[in-house]
Amino acid sequence: MRIYHFLLIILVVGCTPESNLRSIKYLDPIAINENFSDWIKVKESFLLEVPDSIGVGVIKQIEFADSLIYVLEDGVTSSILVFDREGQFKRQLLKLGSGPGEYVQIDLFIFDEKNITIYDRSQMKLISYSLGDFSVFQAYDIKDYLVGAFSVPNSRRMFFVSDTDIETGIQKGYGFSDENFTNFKFEPQFSGFIEGFLPKSISHFGDKYFLVQPFSDRVYQIERDSLSLIEVIDFGSKRIPEKVSTFDRAEDLYETLSSGSYYFAPTNLLVKDSVIAFNFFNENIDNLNFGLIQNGKAFRFSIDSDLKELFLKPIAVREGLFHTVLLPGEYDEDVIESLNLSEVDYEKPVLVSYTIGQ
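About the cut-offs
- Residues numbered from 1 in each chain as written.
- Predicted model: local features only at pLDDT ≥ 70, side-chain atom pairs only at ≥ 80, totals over all residues.
- Heavy atoms only, no water.
- Helix = DSSP H or I, 4+ residues; strand = E, 2+ residues; numbered from the N terminus.
- Rg over C-alpha atoms; globule rule 2.2 N^0.38 Å.
- Buried < 20%, exposed > 50% of the residue type's maximum accessible area, 1.4 Å probe, protein only.
- Contact = heavy atoms within 4.5 Å.
- Areas by Shrake-Rupley, 256 points an atom, 1.4 Å probe, with all protein chains shown as cover.
- Lys, Arg positive; Asp, Glu negative; His and termini not counted.
- Charge placed at Lys NZ, Arg CZ, Asp CG, Glu CD.
- Phe/Tyr/Trp six-rings, centres within 6.5 Å; stacked < 30°, edge-to-face > 60°.
- Pairing = 2+ DSSP bridges.
- Axes fitted to C-alpha atoms, helices over the stretch in contact; angles between N-to-C directions.
- Polar contact = N/O pair within 3.5 Å; in protein donor to acceptor, adjacent residues only side chain to side chain.
- Arc of directions from axis to C-beta.

Trainee: Looking at this structure, I do not really get the overall build of the protein. What am I missing?
Mentor: Per the secondary structure count, the protein includes four helices and 27 strands. A globule of 358 residues ought to have a C-alpha radius of gyration of about 21 Å, and the protein, at 20 Å, matches this closely. By principal-axis analysis of the C-alpha atoms, the protein measures approximately 55 × 50 × 40 Å. A total of 358 residues make up the protein; the buried ones form 56% of that total. Sequence separation of at least 24 residues holds for 51% of the intrachain contacts in the protein that already meet a minimum separation of 6. Here the protein has roughly 16300 Å² of accessible surface; of this, 46% comes from carbon and sulfur atoms. A distance of 6 Å separates the average location of the 33 positive side-chain charges in the protein from that of its 54 negative side-chain charges.

What follows is the structure in structure tokens.
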């Protein structure tokens, strides 16, 4: 079981006051228990035209290029599906095996202008494939176990999160490399800091990418070689005690959580127009909520139904929107009607891009 902890980071080099993120005060939220669908503002939705020969499993990651959508699915196989911006299927990256250019599992992927690179944790290997048809590849053995990776835009730099142990209670942490996966530079962190990282800790809105630290609730902008502190999500009296930053045992964390009523570990942060929204845990790691701040008022949504889970636990925040994928069997006529889809094949996944607010 992964442990969540208060995060402090060494890679901070300064602040960016020009950012839209200035003060995020999530205090005394109003509980919204009914009609949550009235708050969902769908910007776009369409079928993903997956060929009948391809079975789609759990969606682990979604990324967007200028004209394409990349979806990491993990079911019977582990593959990356590529679609155009209207949901038409283009190609599949599926190269299972242990030979040259093959992987056992895709744990995450990153891409730049020329290549898409997958990470196979079981083989400690990065494999870069040409974007056109995945026919050209280059493999890189890596000494680090990774839980996150990201291509920093317009920089030819890669950002990594490594949970490789250095010594008891210390892991490799956060680092950067060049585009050829050489010259890695990491800043070691307490194990708890890294165990708290989730892929959904990274969000893209405006023209920047941000990382939210789970238990410090601090928001950092990902830059070329560093993380810059932007703001802190203020939970007021609900903020988890800073002493958890020293914990390296799950038992200590759970004991602290059981001793009070805390909000902690925001993910899926989205700041857009007059709305600030994010997921967070309420009192324990089994109680995920959705938080919203709009026009100075704070709201809290419990995720207590299948439909709420689909929309209030987005897969990713990219391009200033929440994104989720409704798999066959997860949606019905009522959901389709709310999405304004004119043509529906209930055997196909549906990609929904949306915001939440009034």
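Right, picking up where we left off after that structure.
Trainee: Mind showing me how you'd approach unusual backbone geometry here?
Mentor: Most peptide bonds take the trans configuration, and most residues that are not glycine carry a negative phi. Of note, the phi angle at A265 is positive, near 60 degrees, even though the residue is not glycine. Topologically, A265 is positioned in strand 21 (residues 263–272). Phi at E283 is positive, roughly 75 degrees, even though this residue is not glycine. Within the fold, E283 resides in the loop between strand 22 (275–282) and strand 23 (288–294).

Trainee: Got a minute to help me understand the environment of S342 in this structure?
Mentor: Tracing the backbone shows S342 in the loop between helix 4 (333–339) and strand 27 (350–356). Relative accessible area serves as the criterion here: at 76%, S342 is assigned to the exposed category.

Trainee: Even after reading the chapter, I still don't get the packing of aromatic side chains, so can you show me in this structure?
Mentor: Given two aromatic rings, their pairing is described by the distance between the two centres and the angle made by the two planes. Throughout the structure, instances matching the rule amount to 28 aromatic pairs. When the ring of F205 is compared with that of F210, the centres are 4.6 Å apart and the planes differ by 15 degrees; the resulting orientation is stacked. As far as the burial class goes, F205 and F210 line up, both buried. Taken together, the ring pairs connect W39, F290, F299, F301, F311, F322 and Y354 into an aromatic cluster.

Trainee: Please explain the sheet that holds strand 21 as it appears in this structure.
Mentor: Pairing between the strands of a sheet is mediated by backbone hydrogen bonds and can be parallel or antiparallel. The sheet built from five strands is open, its strands ordered 3-24-23-22-21 with mixed pairing. The open sheet has two edge strands, strand 3 (30–32) and strand 21, and neither has a second partner. Averaged over all neighbouring strand pairs, the angle between strand axes comes to 25 degrees, with direction disregarded. Of the pairings in the sheet, the one linking strand 21 to strand 22 comprises six bridges and is antiparallel in character. For L270, the partnering residue across the bridge sits in strand 22 and is A277.

Trainee: Help me understand the side chain of Q61, please; the structure alone is not making it clear to me.
Mentor: Checked against the element boundaries, Q61 lands in strand 5 (residues 58–64). Within the local environment of Q61, its side chain forms a polar contact with the backbone oxygen of F109, the two atoms lying 2.8 Å apart. Beyond its immediate chain neighbours, meaning those up to four positions away, Q61 contacts Y70, V71, L72, L108, F109 and I315.

Trainee: How do you make sense of helix 2 (residues 250–258) when you look at a structure like this?
Mentor: Taken residue by residue, helix 2 has A250, D252, L253, T256 and L257 as its buried positions. The buried residues of helix 2 occupy an angular sector of 160 degrees when the element is viewed end-on, so they sit on one face. Every exposed residue of helix 2 that faces more than 90 degrees away from the buried side is listed here: E251, E255 and S258. Packed against the buried residues of helix 2 are strand 21.

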